[in-house]
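The primary structure of each chain is shown beneath.
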Amino acid sequence: MTQAPARRESGHESGNESGNESSAATFESLSPATGEVVGVFSIHGEAEVRAAVERARTAAEWWAGLSFKDRKVYLNTWKATITRRMPELADLMHRETGKPRSDVMIEATLAVDHIAWAAGHAGKVLGRRRVSPGMLMVNQAASVEYRPLGVVGVIGPWNYPIFTPVGSIAYALAAGNAVVFKPSEHSPAVGEWIGRTFNECVGRPVLQVVTGLGDTGAALCRSGVDKVAFTGSTGTGKKVMAACAETLTPVVIEAGGKDPLIVDADADVAAAADAALWGACSNAGQTCAGVERVYVHERVYDEFVSEITRRAEGLSAHGGDDAKIGPITMPSQVGVIRRHIDDALARGGRALVGGAQAVGERFVQPTILVDVPEDSAAVQEETFGPTVTIAKVRDMDEAVELANGTSYGLGATVYSKDHGMAVAERIRSGMTAINGVVSFAAIPALPFGGVGDSGFGRIHGPDGLKEFTYAKAIARQRFKPALALTTFDRTEQTDRRLARIVKTLHGRG
Ligand code: NDP
C-alpha cells in the first residue's frame, strides 16, 4: 500500500522584492489521493505578512470610501467570475483536497450565493439608520451605522476551502474592509485561486493571500490586523486568541463541533437515515457541522438502524472519478479516526458497517457504530471522518440531554413530523436543522457559528456583516432641551422636575 503523502518543505534565505532579508522557503501542496504535487508555495514570514497588511491598509482606504452600491458591483463581478470558472475550480479542488468534483460544484455554488447576499444586503444592514431617542432625549436625533474595521485577517481551513473562508471574506469585504487571507497549508492552491480571481476583478490589493504553515497564521495574528476570523480546531483557536490578546485584536472563532442528529418516534425514518448518512460521510466526514452522533427514539430505533445500515453498505470511499466519498485530506487525521474507532470497539461498541479495518492509509470507509459509551472519544471528541455513533433513547428528554452532553455546540439536526421546533429550541447549538441536514449553512440570511468549544462570533447573515464592523452612534441636538441636564447651571427645580418625570415614566409596574 502506498504511504500517505508527506508534505515537503524546503528553504534558503534570500532578499525579497522589498529588499528585506526574509525566508524564501517553500512547501508543496500534495494531492491526498495520489501524493502528486499540486503546487509549490511560499512560506511567508513575519515581514511578508506585515507587508501584505500594509498594502491592504492602503487599499482599505479606497475600498471603504466606495459606496455600498459600488462595492456590490465589484463583488458581483467577482461572483460571476467564480461562477463561470467553476469547472476549473472543481478540477483544482479535486486535485488538492481529493473532494469529488460534484461536491465542489455544490460548495462553490453556496459560496457565490453568500457573496451575492453579502453584497446585496450590506447597505441595508450596515448603513446609517435612525433610532428612537426615547422620551428623556426627545430633543435629539439619534442614528447608528456600522463602519468597517480596516484590515481583517482570515485564517481558513482545508475542509471547505472556498465555502468556509468566503463566509468570512465576502462579509468582511461587503462591509468595507480589506482582507489578508491565510489558507490552510493543505489548500493553498485554492486559496491563491480565490485571491487571483478577486484581483482580476478589482485590480487593487483589497484581498491578498499569504501562504505558509501555522507560523504564517500566527504572524497574521500579530501583524496589526483589526480583526481575525479563524476556522479550525478548538486548540489552535485558543492559540489564535492568545496571540490576538497581546494587541487587543478581536477574533471570531469557528472551531468545529460534535453535532447530534435526533430522530423522534414520529419521524420519516427513511429520510432521517438518508440525512444521517450523508451528514456523517459526505466530504469524507470532514465537515465542522457534519453529523457525528445520532440519538433515536426507541420506537423507531431498529427501523432506523436497518435503514442506515442498508444505505451505508452501498457506499465506499475511493479515488475514482465517480467517487461519492474521497480521501482524508489531512494525513494526520487518519490516526485520530482510527483512535476513535478502536477506543469505541474496545469499550463495548459494535461496528455495524466498517470498523477498525475501514481505516486505510488515505481513505476511510463509512463506519456505523452502536453501543458506544457516551463518555468515549468517538462520542465526545471531533472525529472528522466518515463515522457516526447511534444510540437508542427513551424519549426526547433523554435525546436532548445527551445531545447537549459535549463541550461543543455548533450545529444539530432534528427529524420529527410534529415536535421539530420544540426539540430544536432545547438544543444548545448555534444552528439547528429540522427535517433536513446542514440546511442552515446554505441560507445566507442565517448566522453561522457556535457556543462553547465550537467558538463564538458569527459569519453569514446580518450578524456576519456586523461582525466585521464597529458601531458608530451619533446623537444630534435638534432643539434645546426642556430640561438642561448636562450643565453645571442645572437648578434644583430641574432636579425636581426630572424626579417627577422619572416617576411617571418608570415608577409603576
Ligand atoms: P488547525 O486548527 O490546526 O488549523 C486551522 C488553520 O489555522 C490553518 O490555516 C492552519 O494553518 C492555521 N494555524 C495553525 N496553527 C496556527 C497558529 N498557531 N496561529 C494561527 N493560525 C494557525 O486545524 P487542522 O487543519 O490541523 O485540523 C485539525 C482539526 O481541527 C481537525 O481534525 C478538525 O477536527 C478540526 N478542524 C475543524 C474545522 C472546522 O471547520 N471548524 C476545519 C478544519 C479542522 P496550517 O494549515 O498551515 O497549519
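Each chain has its residues counted from 1, running along the sequence as written. The predicted origin of the model limits local features to residues at a pLDDT of at least 70 and limits the giving and counting of side-chain atom pairs to 80 or more, whereas totals for whole chains, interfaces and linings rest on all residues. No hydrogens and no water enter the side-chain calculation; it runs on all heavy atoms of the structure.

J.: Please give an account of the domain arrangement of the protein that cites residues and values.
T.: Domain parsing of the protein yields domain 1 (51-256 + 461-469) and domain 2 (260-428). Either an automatic procedure or a domain database provided the assignment from which the domain bounds are taken. Placing a centre on the C-alpha atoms of domain 1 and another on those of domain 2 gives a separation of 31 Å. Only heavy atoms matter for contacts: two residues are in contact if any of them lie within 4.5 Å across the pair. In this assembly, 15 residues from domain 1 lie in contact with 17 residues from domain 2. Buried area: the accessible area, evaluated with a 1.4 Å probe, that two parts lose upon being put together, summed over both parts. Buried surface at the junction of domain 1 and domain 2, both sides included, amounts to about 1,400 Å², of which 55% is carbon and sulfur. Its largest share of buried area at the contact with domain 2, domain 1 owes to Trp158, Tyr160 and Gly256, together 38% of the area lost on that side.

J.: Describe in detail the layout of surface pockets, supporting the description with residues and values.
T.: As defined here, a cavity is a set of points on a 1 Å grid over the protein atoms alone where a 1.4 Å probe fits but cannot get out. A pocket is an open set with protein on both sides within 12 Å along at least five of seven lines, and residues line them when an atom is within 4 Å of a point. Grid points are joined across faces, edges and corners, and a volume is the space filled by probe spheres set on the points. Space inside the largest pocket adds up to approximately 720 Å³. Forming the boundary of the largest pocket are 33 residues, of which Phe230, Thr231, Gly232, Ser233 and Thr236 lie nearest the centre. For the lining of the largest pocket, the secondary structure elements donating two or more residues are α7 (214-221), β11 (227-231), α8 (234-245) and α11 (331-346). Counting residues per element, the lining of the largest pocket draws most heavily on α8, at five residues. We call Asp, Glu, Lys and Arg charged. Ala, Val, Leu, Ile, Met, Phe, Trp, Tyr, Cys and Pro are nonpolar, and the rest, Gly among them, are polar. Grouping the amino acids of the lining of the largest pocket by side-chain chemistry returns 15 nonpolar, 13 polar and five charged. Runs of H or I in DSSP of at least four residues are treated as helices and runs of E of at least two as strands, each being numbered from the N terminus.

J.: I'd like to hear about the packing of helix α3 (residues 86-97) against helix α6 (residues 188-202), residue by residue, with values.
T.: Contact geometry for α3 and α6: axes closest at 9 Å, N-to-C directions at 155°. The orientation of α3 with respect to α6, classified from their angle, is roughly antiparallel. Judged by residue contacts, Glu88, Leu89, Leu92, Met93 and Glu96 of α3 engage Pro188, Ala189, Val190 and Trp193 from α6. Grouping the amino acids of the contact of α3 with α6 by side-chain chemistry returns seven nonpolar, no polar and two charged. In this analysis, axes come from line fits to C-alpha atoms, helices being fitted only over the stretch in contact, and the angle between any two N-to-C directions falls in the range 0 to 180 degrees. Here is the rule for angles: anything less than 35 degrees is roughly parallel, anything more than 145 is roughly antiparallel, 65 through 115 is roughly perpendicular, and the remaining ranges are oblique.

J.: Talk me through the packing of aromatic side chains; I want residue IDs and the actual numbers.
T.: In this scheme Phe, Tyr and Trp rings, the latter by its six-membered ring, pair at centre separations within 6.5 Å, and the angle between planes marks the pair as stacked below 30 degrees, edge-to-face above 60, and tilted otherwise. The final tally for this structure, using the stated rule, is nine aromatic pairs. Taking the centre distance of 5.6 Å and the plane angle of 90° together, the rings of tryptophan 158 and phenylalanine 384 count as edge-to-face. Here the residue tryptophan 158 occupies a position in the loop between β8 (151-155) and α5 (163-174), and phenylalanine 384 occupies one in the loop between α12 (377-380) and β17 (387-393), the gap between them amounting to 226 residues. Per residue, the accessibility class of tryptophan 158 equals that of phenylalanine 384, and both read buried. Grouping aromatic residues by their ring pairs yields a cluster made of Trp62, Trp63, Tyr74, Trp78 and Phe198. Residue placement shows arginine 71 over the ring face of phenylalanine 68; its charged tip is 4.9 Å from the ring centre. By the criterion adopted, a ring carries a charge over it if an Arg CZ or a Lys NZ lies within 6 Å of its centre and within 35 degrees of its normal. Above the plane of the ring of tyrosine 160 lies lysine 99, whose end atom (NZ or CZ) is 4.0 Å from the centre. The rule is simple: take the accessible area with a 1.4 Å probe, protein chains only, and divide by the maximum for that residue type; under 20% is buried, over 50% is exposed, in between is partly exposed.

J.: Please set out the packing of helix α4 (residues 101-126) against α5 residue by residue, giving values where relevant.
T.: Their axes nearest at 9 Å, the elements α4 and α5 cross at an angle of 15°. With respect to α5, the axis of α4 lies roughly parallel. Our pair here, α4 against α5, has a crossing hand that is right-handed. Counted together, Glu107, Leu110, Ala111, His114, Ile115, Trp117, Ala118, Ala119 and Ala122 of α4 and Phe163, Val166, Ala170, Tyr171 and Ala174 of α5 form the full contact between these two elements. Along the lines of polarity and charge, the residues of the contact of α4 with α5 split into twelve nonpolar, one polar and one charged. Handedness of a crossing is defined here by the sense of rotation of the near helix relative to the far one, left-handed for an anticlockwise turn of less than a right angle and right-handed for a clockwise turn.

J.: Any chance you could break down the pattern of salt bridges for me, citing the residues and the numbers?
T.: Any carboxyl oxygen of Asp or Glu that lies within 4 Å of a side-chain nitrogen of Lys or Arg is treated as forming a salt bridge with it. Within this structure, the stated rule accounts for 22 salt bridges. Across the pair glutamate 145 and arginine 128 runs a salt bridge, and its minimum N-O distance is 3.3 Å. Here arginine 128 lies in the loop between α4 and β6 (129-131) and glutamate 145 lies in strand β7 (residues 140-148), a separation of 17 residues in the sequence. A relative accessible area of 18% means that glutamate 145 is categorised as buried. For lysine 227, the salt bridge identified is with glutamate 467, shortest N-O distance 2.8 Å. On the criterion of sequence distance, the pair formed by lysine 227 in strand β11 and glutamate 467 in the loop between α15 (461-466) and β21 (469-477) is long-range, its members being 240 residues apart. Side by side, lysine 227 and glutamate 467 carry an identical accessibility label, which is buried. Connected through shared salt-bridge partners, Asp274, Glu307, Arg310 and Arg311 make up one network.

J.: So what's going on with the side chain of threonine 197? Which residues, and what values?
T.: Of note, threonine 197 is situated in helix α6. Its relative accessible area of 0% is what places threonine 197 among the buried residues. Identification of polar contacts relies on pairs of N or O atoms within 3.5 Å, with a donor-acceptor requirement for protein atoms, meaning one able to donate a hydrogen and the other able to accept it, and with residues adjacent in sequence counted only if both atoms are side-chain atoms. One polar contact links the side chain of threonine 197 to the main-chain carbonyl oxygen of isoleucine 194, over a distance of 2.9 Å. If we ignore the near neighbours within four places in the chain, the residues touching threonine 197 are Trp78, Thr81, Ile82 and Arg85.

J.: Outline the environment of glycine 214, supporting the account with residue identities and numerical values.
T.: Note that glycine 214 resides in helix α7. The sequence separation of glycine 214 and leucine 248 amounts to 34 residues, and the corresponding C-alpha distance is 21 Å.

J.: Can you lay out the pairing of strand β4 (residues 26-30) for me, pointing to particular residues and giving the numbers?
T.: Across the five residues of β4, four count as buried, placing the element largely inside the fold. Two strands qualify as a pair provided that DSSP identifies no fewer than 2 bridges between them. Following β4, the chain reverses through six residues before pairing antiparallel with strand β5 (residues 37-42); glycine 35 in that reversal takes a positive phi of roughly 85°.

J.: Outline α4, listing residues and values.
T.: Between the first and last C-alpha of α4 there are 36 Å, a value that for 26 residues agrees with the 38 Å anticipated at 1.5 Å per step. Note on bend: the value at a residue is the angle between axes fitted to the seven residues ending there and to the seven starting there. If you look at α4, its biggest bend is around 35°, right at glycine 120. Multiply 1.5 Å by the residue count of a helix minus one, and that product is the helix's expected span.

J.: Tell me about empty space enclosed by the protein, and please be specific about residues and values.
T.: One pass over the structure, following the stated rule, counts three cavities of 30 Å³ or more. Of the pockets and cavities examined, the largest cavity occupies roughly 70 Å³. The wall of the largest cavity is formed by Thr97, Gly98, Lys99, Pro100, Trp158, Asn159, Asn283, Ala284, Gln286, Gly326, Pro327 and Thr329. Residue assignment places the lining of the largest cavity across two domains, with domain 1 (51-256 + 461-469) and domain 2 (260-428) each supplying three or more. Looking at the second largest cavity, it is lined by 14 residues, and the ones nearest its centre are Pro260, Ala403, Tyr408, Gly409 and Arg428. Tallied by class, residues from the lining of the second largest cavity come to five nonpolar, five polar and four charged.

J.: Account for the sheet that holds strand β16 (residues 367-370), naming residues and giving values.
T.: Spatial ordering of the open sheet is given by β15-β16-β17-β14-β13-β18-β19, a layout of seven strands whose pairing is mixed. Unpaired on one side and paired on the other, β15 (350-353) and β19 (433-434) mark the two borders of the sheet. Examined bridge by bridge, strand β13 (residues 259-263) and strand β14 (residues 291-297) share five bridges and lie parallel to one another. Its bridge partner being in β14, valine 263 is matched across the sheet by valine 296. Together, β13, β14, β15, β16 and β17 form the strand contacts of helix α10 (residues 301-313), whose direction differs from that of β17 by roughly 165°.

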